[in-house]
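Fold and contact review
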There are 2 protein chains.
Amino acid sequence: MCDIAPILLAGTWKAANSSETFSTQNPITQEALPGNYPISTWADCDAALTASASAADELANIAPTQIPKFLRRFADLMEENRNSLGHLASLESGLPSEHRLAGREMDRTTDQIRQTAAAAEERSWKQILIETKRDLRSMFAPIGPVAIFSPNNFPFSWNSISGGDFASAIAAGNPVIAIANSAASGTTKALAELAFQASQEAELPSATVQLLYRMNHEDGKRLVADPRIGATAFTGSTTAGLALKASADAAGKPIYVSLSSVNPMVFLPGAIREHGDQLVNRYSNVCLKGTGQFCTQPGLAILIDDEATKGFIAATKDKFNGVTPGTLGSKKTLANLIEKIAVLKKAGAKVITDQEQKQGSGFSHPNTLLEVSGAQFLASPKALQTEAFGNTAMFVVCKDVAEAKMVIDALHGQLAGCIYSSTDGTDANAYEELAPRLRRKVGRFMNDKMPNGMPVSIGMAHGGPFPATGHPGFTSVGIPNAMRRFAMLQAYDQVRQSHLPEELRDHNPTGKLWRNIDGQWTTGDIAEVK
Amino acid sequence: MCDIAPILLAGTWKAANSSETFSTQNPITQEALPGNYPISTWADCDAALTASASAADELANIAPTQIPKFLRRFADLMEENRNSLGHLASLESGLPSEHRLAGREMDRTTDQIRQTAAAAEERSWKQILIETKRDLRSMFAPIGPVAIFSPNNFPFSWNSISGGDFASAIAAGNPVIAIANSAASGTTKALAELAFQASQEAELPSATVQLLYRMNHEDGKRLVADPRIGATAFTGSTTAGLALKASADAAGKPIYVSLSSVNPMVFLPGAIREHGDQLVNRYSNVCLKGTGQFCTQPGLAILIDDEATKGFIAATKDKFNGVTPGTLGSKKTLANLIEKIAVLKKAGAKVITDQEQKQGSGFSHPNTLLEVSGAQFLASPKALQTEAFGNTAMFVVCKDVAEAKMVIDALHGQLAGCIYSSTDGTDANAYEELAPRLRRKVGRFMNDKMPNGMPVSIGMAHGGPFPATGHPGFTSVGIPNAMRRFAMLQAYDQVRQSHLPEELRDHNPTGKLWRNIDGQWTTGDIAEVK
């Protein structure tokens, strides 16, 4: 027990106040990785909250350049340590380092961080509104300390210390209390070391970034409801997310949860006839890539029964059977997948893939394609849209468009959804029937494309009605929109000019800041507008 | 029981499915008013939800002119019936008709409705964002059927059938299920008749506006959590609001509650020295006007103990003693006020006004000013910021600025807050110490003005951290911002041009619609921007 990893508390790496520890496991070799991580007691949570509240005060008074400086330096440091971070994350996640982790995912992560830096610098995310006649001015401002609980499927880009929630919360001016995903504790610690170094170089308050590895469930619930907390972001299991949400909700503390989504795809017969082979390849690839561990993995596909559809199902089944199953991120992920497939089967779904496939490495499970009729789905809609997170998908084969419509109406909220339709007009009526209904169930609606490989960019929205998220008015991806989650709306009613934040004064502080003045968007000063 | 008022369900005024009824009471004469109103069973709620869900579907396909037409026609009809509505609302609320109800409040209400009509027509509230490079487009869109529970202190401007929540929800494209405030049932029914007439003239779906008078608590909780509901708005008592919030939260349904706020005012000594008499008058007036029944009534004032302050307290006490107490809106309001003053007294607050004042009419209570020291407040901060809704206020007299700072830190979230400081610079240091701390506790921050008489206009924000509201990122006043509560964020990812809503197509549909294209706000077409 001599090498228990330190937590990062109020600007110091120090021993946790803990009675228990845990270690991480290589999901491929199933061997324990070096390092013990502490399960913090409430004393650590309490100290982190107090330090974070002070940091929030201090952050209100720093120069507007400091946060962008921190974020950019952090991105640079991550890239400088690209290979060692990739190696570490690969050991903990089982994901390949070179192309995925140290490659694409690192690039995506640092790009997102730099986008938040630019947004923090530019400040238009504050949505400044000035009504000159009554001298009423409003903008979004920091909400206070943000607690972040993250998943383990993206060791960098969704990490509680380098992912979108982290960067958005910081760029909006808030300190962060990061709680590591247990399976990614070593990676998270390594990232926190770099973040802390960058925060010191940018002369940010010492508790701007803090790290705890884990706490018991009761302390987690207490943390998100604490008066010192501003808001919480959680991405992970429905059970844990709902427990935290209930606690935060009861205390009136905003919490953004991302829980469960099967991301329905509709493949209309004309589209299958037009380019069925391509669809089989693409769909199989996005279902199985990264062992299907994406929150946008399209785990439910709605089909209309006809000859073309039958061929599509058979070919997809062959693809699933032919690809060696990948490794899942942890023992827990594997256990969850097995459990959720059982739920689907119990509700009437039939496994159509061969379960005697080539064996994957470590925590792996055969690629699994299930099938259910539209009528069966409608008999148990809740159970049959259970998210089986991993290399699994389910076809809902409807007898006609009318039945597909009912299936869509029975869906709960989803992150993304798509309709593939032909270009020759043969699917036009079906599209018209189905699109408005699917549209309102999903945050992101697509035509003729797969939901994975979601670009991190200004126009993206990654949200949707419950249980995809807890509030359909927000997004966790897409800068600056994602920053709005960690902000409160502040109005200034006849406040003296010298008492106003510079963004709200008559003079535009940068000459480039977009402000809505009396209903017109402008980068000008108030005098010029009048 | 032969004249039980009908409910408005799916486009028909019909007998409720109820087993119980209630009547309203004139708060001045304390006599029962004519009319019996039904307490609906779940069957009515269920029918309203089904009809509302269909209306939401239909509203997605109407012409963009229909909702503005409805809102304007409704406003016109209200004004045409100004006097009869004012008379009815006066009987139910005890508020004067001529100047208040049929006068200022009617004007404020119809002005707000016309603002939402203009916003619905203009469509910039959708916050359109287009990223051309990746063909990603997003905007806010209707969230679905909205349930509205309203208070009785503003019979028109916060009515569930004519207030800001109603107009915002409709203007954002959603049908409304209005639940009357029981004390204002007759007024609400009369307004619903006009709203229904206007909705028919505008050819809106028949269930766009529905009205229930009351339901039992269990059915209320079930209603706000129903899968068919989009969101709920609630303004009223903390107990009822929290019960509904817990139910909606557990189902992942957005609910906007406005619960409790004492709207702290800080009167710094220099300001009192500069214009103490004016402050005494203004403060007493806003505390007692409308019998103090405003959610922005400044029921807690923070003072720094010195000679000027002592004079301010004595003069305010005299004012409170000298004004005849007004009538409270209902027996329940009076009972609540008595109960809450008792809570304040039990926690150490001393009543400094004379309780043998001139007697008010009907449900009235002596004007009550309480006083407590900063140290006492800090010993029981929770109890001592209990909202005693009505003609009551409390002074927290702090020994110095440092203590005032701690008092402010001990406040929970508030709708509004203000600091009065001198113009000669003597209060400058105190202002600097206190302002940043008060700023983050309140939705609307003011200098040198009282919070009442809040203008309904574009720059206003009426929100704040819990328990003022349930989420500090929203406002219930200020068009178009208030409409965002009833919207979901919808992204379109590479959706074919012909499948896009017209607001998101390359061509700007009106030539006046503000859209953010690749980070620039413009009313132009996309081709022009590129």
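The name that an unreviewed UniProt entry assigns to chain A is Ketoglutarate semialdehyde dehydrogenase, with the source organism given as Blastopirellula marina.

What follows is about the domain arrangement of chain A. In many reports, interface size means the accessible area that the parts give up when they come together. Residues and elements named next belong to chain A. Here chain A is partitioned into domain 1 (34–125 + 142–259 + 476–482) and domain 2 (265–447). Using C-alpha coordinates to define each centre, domain 1 is positioned 32 Å away from domain 2. Taken together, the contacts link 10 residues of domain 1 with 11 residues of domain 2. Each partner contributes to the roughly 720 Å² buried at the junction of domain 1 and domain 2, and carbon and sulfur atoms together form 52% of this total. On the domain 1 side of the contact with domain 2, Asn-152, Asn-153 and Phe-154 bury the most area, a combined 40% of that side's loss. At the boundary of domain 1 and domain 2, one finds zero salt bridges. Of all the secondary-structure elements, those providing two or more residues to the side of domain 1 that touches domain 2 are helix 3 (82–93) and helix 4 (97–122).

The subject of this paragraph is the sheet that holds strand 19 (residues 442–447) of chain A. Across the sheet, 12 strands lie side by side as 15(A)-16(A)-17(A)-14(A)-13(A)-18(A)-19(A)-20(B)-6(B)-5(B)-21(B)-22(B); this open sheet has mixed pairing. Looking at the sheet topology across the chains shown, the edges are occupied by strand 15 (350–351) of chain A together with strand 22 (520–522) of chain B. With three bridges joining them, strand 13 (residues 265–267) of chain A and strand 14 (residues 300–304) of chain A adopt parallel strand pairing. Within strand 14 of chain A, the position partnered with A:Phe267 by the bridge is A:Leu303.

So, on to the nonpolar core. The biggest cluster of nonpolar side chains holds 172 residues, and the ones touching the most others in it are A:Phe70 and B:Phe70. Not counting chain neighbours up to four residues away, the residues in contact with B:Phe70 comprise B:Phe166, B:Ile170, B:Ala195, B:Ala198, B:Ser199, B:Ala202, B:Leu204 and B:Val209.

All told, the structure shown has 32 aromatic pairs over all chains when counted by the stated rule. Summarising the aromatic geometry, the rings of A:Phe22 and A:Tyr37 are spaced 5.8 Å apart at their centres and angled 40° between planes, so their arrangement reads as tilted. Taken together, the residues span a long stretch of sequence, with A:Phe22 in strand 3 (residues 18–22) and A:Tyr37 in strand 4 (residues 37–40) at a distance of 15 residues. Judged by its relative accessible area of 9%, A:Phe22 falls in the buried class. Looking at A:Tyr37, the relative accessible area reads 6%, which means it is buried. Ring-pair connections join several aromatic residues into one group, and the members of that group are A:Tyr256, A:Phe474, A:Phe486, B:Tyr256, B:Phe474 and B:Phe486. In this structure, A:Arg485 packs its charged tip against the face of A:Tyr256, placed 5.9 Å from the ring centre. One Lys or Arg, B:Arg214, reaches over the ring of B:Phe22 and ends 4.0 Å from the middle of that ring.

Rules of the game
- Residues numbered from 1 in each chain as written.
- Chains lettered and ligands numbered in written order.
- Predicted model: local features only at pLDDT ≥ 70, side-chain atom pairs only at ≥ 80, totals over all residues.
- Heavy atoms only, no water.
- Domains from an automatic or database assignment.
- Contact = heavy atoms within 4.5 Å.
- Buried area = accessible area lost by both parts, 1.4 Å probe.
- Salt bridge = Lys/Arg side-chain N within 4 Å of Asp/Glu carboxyl O.
- Helix = DSSP H or I, 4+ residues; strand = E, 2+ residues; numbered from the N terminus.
- Pairing = 2+ DSSP bridges.
- Core = buried A, V, L, I, M, F, W, Y, C linked by side-chain atoms within 4.5 Å.
- Buried < 20%, exposed > 50% of the residue type's maximum accessible area, 1.4 Å probe, protein only.
- Phe/Tyr/Trp six-rings, centres within 6.5 Å; stacked < 30°, edge-to-face > 60°.
- Lys NZ or Arg CZ within 6 Å of the ring centre and 35° of its normal.

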